[in-house]
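Each chain, letter by letter, is given below.
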Amino acid sequence: FQHYFKQINLSKHHIMEFLEPRTEVAEQKILCCECGTLVAPNPANMCVACIRTRVDVSEGIPKQAILHFCRFCERYLQPPNTWIPCTLESRELLALCLKKLKGLNKVRLVDASFIWTEPHSKRVKVNITIQGEAMGAILQQSFVVEYTVHYQMCEICCRQKGSDGEAWKALVQIRQRTVHKKTLFYLEQLILKHEMHRDAMNIKEMEGGINFYYTAKNNARKMVDFLLSVIPCQYKSSQELVSHDIQSNVFNYKYTYFVEITPICKDEVVCLTGSISRYLNHMSQIAICTRISDNIHLMDPCTLKIGQLNAQQFFKDQFGAICHQRQLREFMVMNVEPIRSKEKQYGSYSTKHVLADVWVLPLNCLGTDDDEIHTRSHLGGVLQCGDYVLGFDVEHAVVNNPVFDKVKQRPDIILVKKIYPNKMKRNKGRNFKLKRMQRMTSVSETATENGDYNDFLEDLEEDPDLRKNVNMYKKEEWMAEAEEVLAPRVGLEELLDELDLSAAPAETDEQGNMLTEGA
């Protein structure tokens with residue numbers, strides 16, 4: 001048996017050596033039932049060209065569409081209510097155009113590109129290539145979709161450009177009953193520093209204040225909370241029903257916040273009521289407002305006693321100013337004698353001022369035989385003989401205030417503020433500038449408003465505590481002759497460099513070091 005199996009194995013080896021390779025069977029083809037072209041067998045028994053004539057892969061995809069474009073902000077509408085910025089023939093615009101086509105998700109997108117059109121033709125053409133299955137075959141087809149650009153204002157531009165102003169959702173009205181706008185100028189700088197105006201869709205200047213329009217109630221409430229934290233004020237809120245959907249029980253309201261700032265401003269002479277005087281440790285009822293922050297800072301100019309009042313205390317027992325800055329009279333200092341020792345009673349006293357006996361004479365009385373007027377003032381540290389000062393002539397003033405009439409001990413003159421000569425040269429030679437908010441003005445800008453703004457800039461120069469909360473920027477061009485004016489100035493170390501995005505980028509060397517002009 002072993003010999004028999006060996007012969008069988010040898011015969012298998014010989015068979016494997018002499019077997020010839022198999023020949024592949026030729027692919028079978030059929031004739032197209034339409035044109036007779038040889039094609040591979042398929043369920044339709046038709047060639048691809050004949051299938052294209054009978055089947056349209058792009059069926060169900062619109063060949064025309066509409067794009068909504070806002071001319072004011074140059075943005076396109078992305079349904080349902082989103083506006084996106086796009087440039088012509090950009091990737092963002094191409095994506096927006098493809099999203100506008102219904103039925104594109106049922107086929108395979110191969111390619112999409114723009115076809116050039118005139119920019120003013122209000123037409124956008126896109127060449128689209130897709131692949132789809134039809135009758136068992138994969139077909140590829142290209143077609144052109146034409147988009148028509150329709151102009152439509154977005155919600156923000158509609159609210160900003162609309163004259164009726166009925167599109168806002170929340171409104172913050174800021175008002176102050178004063179004859180000048182110095183406090184509003186200071187508030188504007190606080191808003192700019194903390195960027196509280198970013199959420200406002202529109203800012204409109206009104207008589208006696210300013211309006212902020214918002215698209216959401218939360219943004220308006222955020223502004224009100226900011227105002228309550230930086231300035232003494234109170235607010236009242238109201239709401240108006242615009243529309244009501246009975247089926248979904250949805251109410252559409254407009255919210256209004258009225259913010260009233262205290263009418264007391266810096267460098268004003270006030271007459272306190274008896275209750276407030278007792279609350280401030282029996283401070284004299286005739287006082288000067290030295291500063292406005294989140295509280296009202298008051299000081300008795302004859303004793304240097306100081307006190308503070310918040311907005312709640314002020315509006316609970318209100319008092320008014322008996323003299324503002326425009327009613328002050330100019331005097332010339334004839335003599336100054338500082339008071340070194342003074343018995344201080346209970347209470348807080350100012351350490352930034354120096355109490356002094358001052359003899360002054362009105363400017364219109366210079367060269368006459370009128371006697372010098374004596375008063376006690378808090379400006380002993382800054383006044384010298386020959387200086388000019390603004391003061392309130394209490395003896396000759398006509399004040400319509402019942403509380404003031406009951407005050408028995410009243411000084412003849414209350415000195416408020418030292419003034420410096422060459423005011424015009426001082427304004428032109430100022431080495432700093434401030435930013436302003438972009439707003440719509442419903443009242444014309446007058447010379448009085450410009451004067452109030454210059455007075456506010458002078459207060460920034462004279463009060464270091466006031467300019468801590470204000471961003472001041474370096475001024476490129478200013479008069480060097482103004483350095484001769486003997487007036488307080490802001491140091492360059494306190495000023496900021498303004499960012500100029502239009503400036504050309506600095507040149508660098510191969511190692512990345514910046515090159516200067518002297519290099």
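Preceding this paragraph is the structure being described.
Scope of this entry: the structure provided in the associated data block. This structure is a prediction, so every number in the text was calculated from the model and none was measured. (Residues numbered from 1 in each chain as written. Predicted model: local features only at pLDDT ≥ 70, side-chain atom pairs only at ≥ 80, totals over all residues. Heavy atoms only, no water.)

A short note on the nonpolar core
When a protein is soluble and globular, its nonpolar side chains tend to lie buried together.
And step 1. Ranked by internal contacts, the top residues of the largest apolar core, which has 56 residues, are V172, I174, F212 and L298.
And step 2. At 7 residues, helix α5 (residues 182–193) tops the list of elements feeding residues into this core.
And step 3. For V172, the residues in contact, after removing those within four places along its chain, are I210, N211, F212, Y214, A220, M223, V224, L227, Y257 and V259.
And step 4. Residues A44, L67, L104 and I130 belong to the second largest nonpolar core, which totals 34 residues. (Core = buried A, V, L, I, M, F, W, Y, C linked by side-chain atoms within 4.5 Å. Buried < 20%, exposed > 50% of the residue type's maximum accessible area, 1.4 Å probe, protein only. Helix = DSSP H or I, 4+ residues; strand = E, 2+ residues; numbered from the N terminus. Contact = heavy atoms within 4.5 Å.)

Comments concerning the environment of E458
And step 1. Topologically, E458 is positioned in helix α11 (residues 447–462).
And step 2. Among the residues examined, E458 registers a relative accessible area of 7% and is labelled buried.
And step 3. With 35 residues separating them along the chain, E458 and K423 place their C-alpha atoms 9.6 Å apart.
And step 4. Setting aside residues no more than four positions away along its own chain, E458 makes contact with K423, R426, N427 and R430.

Let's talk about the layout of surface pockets
And step 1. Empty space within the largest pocket amounts to approximately 920 Å³.
And step 2. In this structure, the largest pocket is lined by 29 residues; those nearest its centre are T290, K352, H353, H378 and D463.
And step 3. Elements with a minimum of two residues in the lining of the largest pocket: β15 (286–292), β16 (296–299), β17 (305–309) and β24 (413–419).
And step 4. The residue makeup of the lining of the largest pocket, split by class, is 11 nonpolar, 9 polar and 9 charged. (1 Å grid on protein atoms, 1.4 Å probe; cavity = no way out; pocket = protein on both sides within 12 Å on 5 of 7 lines; lining within 4 Å. Points joined across faces, edges and corners; volume = space filled by probe spheres on them. Nonpolar A, V, L, I, M, F, W, Y, C, P; charged D, E, K, R; others polar.)

Structural notes on the packing of aromatic side chains
And step 1. Following the criterion strictly, the structure yields 10 aromatic pairs and no others.
And step 2. Between Y253 and Y255, the aromatic rings sit 6.1 Å apart at their centres with planes inclined by 45°, giving tilted as the arrangement.
And step 3. Ring-pair connections join several aromatic residues into one group, and the members of that group are F69, Y76 and Y151.
And step 4. The positively charged end of K63 is found above the aromatic ring belonging to F143, 5.0 Å away from the centroid. (Phe/Tyr/Trp six-rings, centres within 6.5 Å; stacked < 30°, edge-to-face > 60°. Lys NZ or Arg CZ within 6 Å of the ring centre and 35° of its normal.)

Quick look at the sheet that holds β16
In a beta sheet, neighbouring strands are held together by backbone hydrogen bonds and run either parallel or antiparallel to one another.
And step 1. Taken in spatial order, the 6 strands line up as β18-β14-β15-β16-β17-β20 in an open sheet, and their pairing is antiparallel. Either end of the sheet is taken by a strand with one partner, and the two such strands are β18 (321–323) and β20 (348–349). (Pairing = 2+ DSSP bridges.)

Quick notes on the pairing of strand β9 (residues 170–176)
And step 1. Judged by how many residues are buried, β9 sits mostly within the fold: 6 of 7 residues are covered.
And step 2. Sheet topology places β9 next to strand β11 (residues 209–214); 6 bridges connect them, and they run antiparallel. In the strand pairing of β11, A170 is matched with Y214.

Details of the side chain of E461
And step 1. Relative to the assigned elements, E461 resides in helix α11.
And step 2. Excluding residues that lie within four positions of it along the chain, E461 makes contacts with R426, R430, F432, R467, P488 and V490.

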